[in-house]
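Topology and contacts: notes
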Amino acid sequence: GFFDTTPSGEIASRLTADCAEMANDLTWVFRFTIEAVVRLGSILLYMFVRSWRLGLLAIAIVPATALINRSYARFMHRNQQQVQAALADANAIAIEVIGAIRTVCSFAGERREQARYQAKVEKFYSLIVRQTAVQ
């Protein structure tokens, strides 16, 4: 089953990281959705009051902007999933090694475990840098 094939460190790490990320994302979504709706409505109302032609032009541009935003959102979603998975993998290794540190030391596996952890952290770092550059 799932719990037989998935290391306990990975489960604990994913639970911790995913819950924190979801809380952060939900807070952001609610805040900025309300703000965007109010701002967009106010701007459109102002444009129609000032010039109905300008208001129609603004509405005509919305579909193109929506398509661009949709493709950007898909990229960010895929990248964020990869970021979360990379962080969970790194945390899983850390939790497993800490839990079995005596075994790791008795087999002189410190360098190997450090290399495993470093590879996962570097993957996480490269993904988060890519995400930050695109934002």
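As the structure is a prediction and not an experimental result, all values here were calculated from the model.

Side note on the overall build of the protein chain
- Of regular secondary structure, the protein chain possesses five helices and zero strands.
- Secondary structure elements of the protein chain occur, N-terminal to C-terminal, as α-α-α-α-α.
- Here the protein chain has a C-alpha radius of gyration of 23 Å; the compact-globule value for 135 residues is 14 Å, and the former is much larger.
- Taking the principal axes of its C-alpha atoms as reference, the protein chain extends roughly 80 × 25 × 25 Å.
- Buried positions account for 18% of the 135 residues belonging to the protein chain.

Some words on the packing of helix α3 (residues 52–99) against helix α5 (residues 110–134)
- Here α3 crosses α5 at 160°, and the two axes come no closer than 9 Å. The pairing of α3 with α5 is recorded here as roughly antiparallel in orientation. Crossing of α3 against α5: the hand is left-handed.
- When its residues are assigned to classes, the contact of α3 with α5 shows 16 nonpolar, four polar and six charged.

Focus: the confidence of the model for the protein chain
- Here the protein chain averages 85 in pLDDT, while 100% of its residues score no lower than 70.
- The least confident element of the protein chain, judged by mean pLDDT, is helix α1 (residues 2–5) at 76; the most confident is α5 at 89.

Regarding the pattern of salt bridges
- Inspection of the entire model under this criterion finds three salt bridges.
- Taking the shortest distance from any N to any O, the salt bridge between R39 and E35 comes out at 2.8 Å. Here the residue R39 and the residue E35 both occupy positions in helix α2 (residues 8–50), the gap between them amounting to four residues, near one helical turn.
- Note that R116 is salt-bridged to E113, the shortest N-O span being 2.6 Å. Placement of both R116 and E113 in helix α5 is noted, with a separation of three residues, approximately one turn of the helix.

Some points on α2
- Taking 1.5 Å of rise per residue, 43 residues should cover 63 Å, and α2 covers 62 Å from first to last C-alpha, within 8% of that figure.
- Where α2 is concerned, the buried positions are G9, E10, S13, A17 and M47.

A few points about a nonpolar patch on the surface
- Together, L26, W28, V29 and F30 make up a nonpolar patch on the protein surface, roughly 440 Å² of accessible area in all.
- Among the structural elements, W28 can be located in helix α2.
- Note on W28: relative accessible area 52%, which makes it exposed.

Concerning unusual backbone geometry
- With a phi close to 55°, A108 is a non-glycine residue in the positive phi region.
- Its location among the elements puts A108 in the loop between α4 (101–106) and α5.
- You can call A108 exposed: its relative accessible area is 61%.

Points about the side chain of Q131
- Structurally, Q131 is set in helix α5.
- With a relative accessible area of 9%, Q131 lands in the buried category.
- At a separation of 2.9 Å, a polar atom in the side chain of Q131 contacts the side chain of Q80.
- Sequence-distant contacts of Q131, that is, excluding residues within four places in its chain, are made with M76, N79, Q80 and V83.

Conventions adopted
- Residues numbered from 1 in each chain as written.
- Predicted model: local features only at pLDDT ≥ 70, side-chain atom pairs only at ≥ 80, totals over all residues.
- Heavy atoms only, no water.
- Helix = DSSP H or I, 4+ residues; strand = E, 2+ residues; numbered from the N terminus.
- Rg over C-alpha atoms; globule rule 2.2 N^0.38 Å.
- Buried < 20%, exposed > 50% of the residue type's maximum accessible area, 1.4 Å probe, protein only.
- Axes fitted to C-alpha atoms, helices over the stretch in contact; angles between N-to-C directions.
- Parallel < 35°, antiparallel > 145°, perpendicular 65-115°, else oblique.
- Left-handed = near helix turned anticlockwise from the far one by under 90°.
- Nonpolar A, V, L, I, M, F, W, Y, C, P; charged D, E, K, R; others polar.
- pLDDT = per-residue confidence, 0-100.
- Salt bridge = Lys/Arg side-chain N within 4 Å of Asp/Glu carboxyl O.
- Expected span 1.5 Å × (residues − 1).
- Patch = residues over 30% accessible without salt bridge, like charges linked within 9 Å, V, L, I, M, F, W, Y side chains within 5 Å.
- Areas by Shrake-Rupley, 256 points an atom, 1.4 Å probe, with all protein chains shown as cover.
- Polar contact = N/O pair within 3.5 Å; in protein donor to acceptor, adjacent residues only side chain to side chain.
- Contact = heavy atoms within 4.5 Å.

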